[in-house]
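# Architecture at a glance
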Amino acid sequence: MADNKFSTEQALARCLPMSRLQAALSGKWKILILWYVAFYQAQRFGQLVRRLDGITPATLTKQLRQLEEDGFLLRRVYPESPPRVEYSLTELGQSFVPLLNQMLEWSQSRLCPGYENPYAGGAPLKGEGEEKP
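Bear in mind that the values here come from a model prediction, so they are computed numbers and not experimental data. (Residues numbered from 1 in each chain as written. Predicted model: local features only at pLDDT ≥ 70, side-chain atom pairs only at ≥ 80, totals over all residues. Heavy atoms only, no water.)

### Here's the deal with helix 5 (residues 57-69)
Stated precisely, the cut-off is as follows: Each helix is a run of H or I in the DSSP string that is no shorter than four residues. Each strand is a run of E no shorter than two, and both are numbered from the N terminus. Each residue after the first adds 1.5 Å to the expected span of a helix. Each residue is placed in one exposure class: buried if its accessible area under a 1.4 Å probe, protein chains only, is under 20% of its type's maximum, exposed if it is over 50%, and partly exposed if it falls in between. By construction, the arc corresponds to the directions joining the helix axis to the C-beta atoms. What makes two residues a contact is simply this: any of their non-hydrogen atoms within 4.5 Å.
With 13 residues, helix 5 extends 18 Å between its outermost C-alpha atoms, agreeing within 8% with the 18 Å of an ideal straight helix rising 1.5 Å per residue. Where helix 5 is concerned, the buried positions are Leu-60, Gln-63, Leu-64, Gln-66 and Leu-67. Taken end-on, helix 5 shows its buried residues confined to a sector of 165°, consistent with a single buried face. Opposite its buried face, helix 5 presents the exposed residues Ala-58, Lys-62, Arg-65 and Glu-69, each directed more than 90 degrees away. Tucked inside the fold, the buried residues of helix 5 contact helix 2 (16-25), helix 3 (30-40), helix 4 (45-51), strand 2 (73-78) and strand 3 (84-89). The positive-phi residue at the C-terminal boundary of helix 5 is Gly-71, with phi of around 90°.

What follows is the structure, given as structure tokens:
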């Protein structure tokens, strides 16, 4: 698990399952990173930079590495020139998709009433291709 203030012995002693979850998902961008990787099935670094308006390349690199270290993401390097790197969900990451869907639904009804979901018309994270927003 990535080292951060939520992975200390004292933090973990509070409620181990929730502390571990917070340690794995702490970081301003991690839930959005997981969302986009889940929605598009695989994402390249540049695609994520464009989707996550305001993230710096250094921050994205750090958070991708932590999600990979924690077992949520798989980093696949293709032997091409220039090298192509794609991120996809691991089995652990896939198991988190239903929670992402529930978080989206909760946020839509509680934090964003009146919001029109551009992903409506199917399961939010079942999309394919780059045509989606």
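What follows continues from the structure just given.
### Looking at helix 2
Those residues of helix 2 that sit buried are Ser-19, Ala-23, Ala-24 and Leu-25. At the C-terminal side of helix 2, Gly-27 shows a positive phi close to 125°.

### Here we look at the nonpolar core
Filter applied, for reference: We call a set of buried residues a nonpolar core when its members are Ala, Val, Leu, Ile, Met, Phe, Trp, Tyr or Cys and they connect through side-chain atoms within 4.5 Å of each other.
Of all hydrophobic cores here, the largest spans 26 residues; its most connected members are Ile-33, Leu-34, Leu-52 and Leu-73. Of all the secondary-structure elements, those providing two or more residues to this core are helix 2, helix 3, helix 5, strand 3 and helix 6 (91-110). Counting residues per element, this core draws most heavily on helix 3, at eight residues.

### Focus on the sheet that holds strand 3
Our working rule: In this description, strands pair whenever DSSP reports at least two bridges between them. Inter-axis angles, ranging from 0 to 180 degrees, are taken between N-to-C directions of lines fitted to C-alpha atoms, where helices are fitted over the stretch in contact.
Spatial ordering of the open sheet is given by 1-3-2, a layout of three strands whose pairing is antiparallel. A single partner strand is all that each edge strand has here, and the edge strands are strand 1 (42-44) and strand 2. With strand direction ignored, the average angle separating the axes of adjacent strands in the sheet is 30°.

### Here we look at unusual backbone geometry
At the junction of Ser-81 and Pro-82, the peptide bond is cis and its omega measures out at -5° in the coordinates. Positionally, Pro-82 belongs in the loop between strand 2 and strand 3. Despite not being glycine, Gln-41 shows a phi value in the positive range, around 75°. Position of Gln-41 among the secondary structure elements: in the loop between helix 3 and strand 1.

In short, the description is geometric, and any link to function would need to be established separately.
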